[in-house]
Structure formats: structure tokens, C-alpha cells
Amino acid sequence: MLWPSIALLAFVTLQRLAELIYARHNTAALLDRGAREYAPEHYPFMVAMHAAWLIGLWLLAIGRPVDLVWFLLFVVLQGLRLWVLATLRDRWTTRIIILPRAALVTKGPYRFLSHPNYAVVVGEIAVLPLAFGMPLYAAIFSLLNGIILVIRIRAENACLKQSAA
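Here the residue numbering is sequential within each chain, running from 1 through the sequence in written order. In keeping with the predicted nature of the model, local features appear solely for residues at pLDDT of at least 70, side-chain atom pairs appear and are counted solely at 80 or more, and the whole-chain, interface and lining totals rest on all residues. With hydrogens and water excluded, all non-hydrogen atoms of the structure serve as input to the side-chain values.

Caption draft 1: Spatial organisation of unusual backbone geometry. In this structure, alanine 39 is a non-glycine residue whose phi angle is positive, near 50 degrees. What counts as a helix is a DSSP run of H or I of at least four residues, what counts as a strand is a run of E of at least two, and both are numbered from the N terminus. Inspection of the secondary structure assignment puts alanine 39 in the loop between strand S1 (36-37) and helix H2 (43-60). Unlike most non-glycine residues, arginine 101 shows phi in positive territory, near 65 degrees. Within the element layout of this structure, arginine 101 appears in the loop between strand S2 (97-98) and helix H4 (116-131). Accessibility expressed as a relative area gives 82% for arginine 101, which makes it exposed. Only protein chains enter the calculation, and the probe is 1.4 Å; a residue is then buried if its accessible area is under 20% of its type maximum, exposed if over 50%, and partly exposed in between.

The following block contains the structure:
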């Protein structure tokens, strides 16, 4: 049966496209309010990795059965993703955008983790391929994502520390 894999991949694809539109809107609004973008050099690599991950799933996962346990874990991650988006609202973006004099968000999932959005992404990068029975794919993209996130989180933390000083 093709439809479960196609439906799941279509959902993720539409979700990512909607998030890019939302992020672009928020980025423009933040920049208009005096925010600055920091450390943009790694951003194309992050986008390329996420695009390759999704395109690869479209090429390799179509027609594969969807494991219910991994799928349910993916659904939980979507709930956590929505919690992050609802908490950050107009401050959520895919870039490192710092709004001067804006207090750090410390409510919602940010009470528990400094970077809950990245935790969700780490889970998704691994869990979705595992839902399709693709552990090697999950491991490869988890490694690539981990490399990018080390760079990204270091840059973001340095910017946040600098803006708080």
C-alpha cells in the first residue's frame, strides 16, 4: 500500500513549506523591528541537509510500511513542535535573528530546555526514517544534523550571550 507513506511524506513536506513561509514572514517582521541576523554562513548547509533528508525519503520510503510505534512517536514530536511554535509565536524563525533588548523566552518548553526546537528536529530526523524501517538513513542524517546543530547552537548561544551583555 502506497498511500500511508505518501500521506505521511506529503504532510511533512507541506508542514516544512508552511514553516518556511511562516519563518520568512517572522524574519522580515523582526528585521523591520530592528533585529539582526547572526551567523548566516551555515544556514545554506542546514537547508540543504533538510532538503536532502526529505527528498531522500520521497525517493526511498514510498511504499514502505509505516511502523505504528515510530509513527506515534513522530506524532508526539509534532505536538512538541506546535508547543515551541505557539510559545515563540512571531519570534520563531529558521535563522538566528536577535531582537535587541528582547527578553529571552523562558516559558513553555523553554522552561525545560534551552533549545527545544532543536530537540524536536533531532527526534524528527531520526524517527521519521525509522518509521519507514530505514535505520541507516536515520543514522546518516542524524550525524549530519548533529554536525550542523553543534555549529548552530554554538553560534546562537554566543549571539544570545553577547546580546544579553
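The structure having been displayed, the exposition proceeds.
Caption draft 2: Seen up close, the side chain of arginine 152. Checked against the element boundaries, arginine 152 lands in helix H5 (residues 135-164). Charged-residue counts in this description rest on Lys and Arg as positive and Asp and Glu as negative, His and the chain ends being excluded. Salt bridges are defined by distance alone: a side-chain nitrogen of Lys or Arg within 4 Å of a carboxyl oxygen of Asp or Glu. Within the buried set, arginine 152 has no salt-bridge partner at all; the shortest N-O distance to an opposite charge, 4.1 Å, is to glutamate 156. Only heavy atoms enter the contact rule, under which two residues are in contact if any of them lie within 4.5 Å. With near-sequence residues (within four places) excluded, arginine 152 lies in contact with His42, Tyr43, Met46, Thr94, Arg95, Ile96 and Tyr118.

Caption draft 3: Here's a closer look at the environment of alanine 102. Mapped onto the fold, alanine 102 is located in the loop between S2 and H4. Note on alanine 102: relative accessible area 29%, which makes it partly exposed. Taking the C-alpha atoms as reference points, alanine 102 and valine 12, separated by 90 residues in sequence, lie 32 Å from one another.

Caption draft 4: Quick peek at helix H1 (residues 3-32). Each helix should span, by expectation, one fewer than its residue count multiplied by 1.5 Å. Helix length check: H1, at 30 residues, gives a terminal C-alpha distance of 43 Å against a target of 44 Å (1.5 Å per residue), a fit within 8%. Listed in full, the buried residues belonging to H1 are Ser5, Leu8, Leu9, Val12, Gln15, Arg16, Glu19, Ala23, Asn26, Thr27 and Leu30. Buried residues along H1 sit in contact with H2, helix H3 (68-88), S2 and H4. Downstream of H1 by one or two residues, glycine 34 has phi in the positive range, about 100 degrees.

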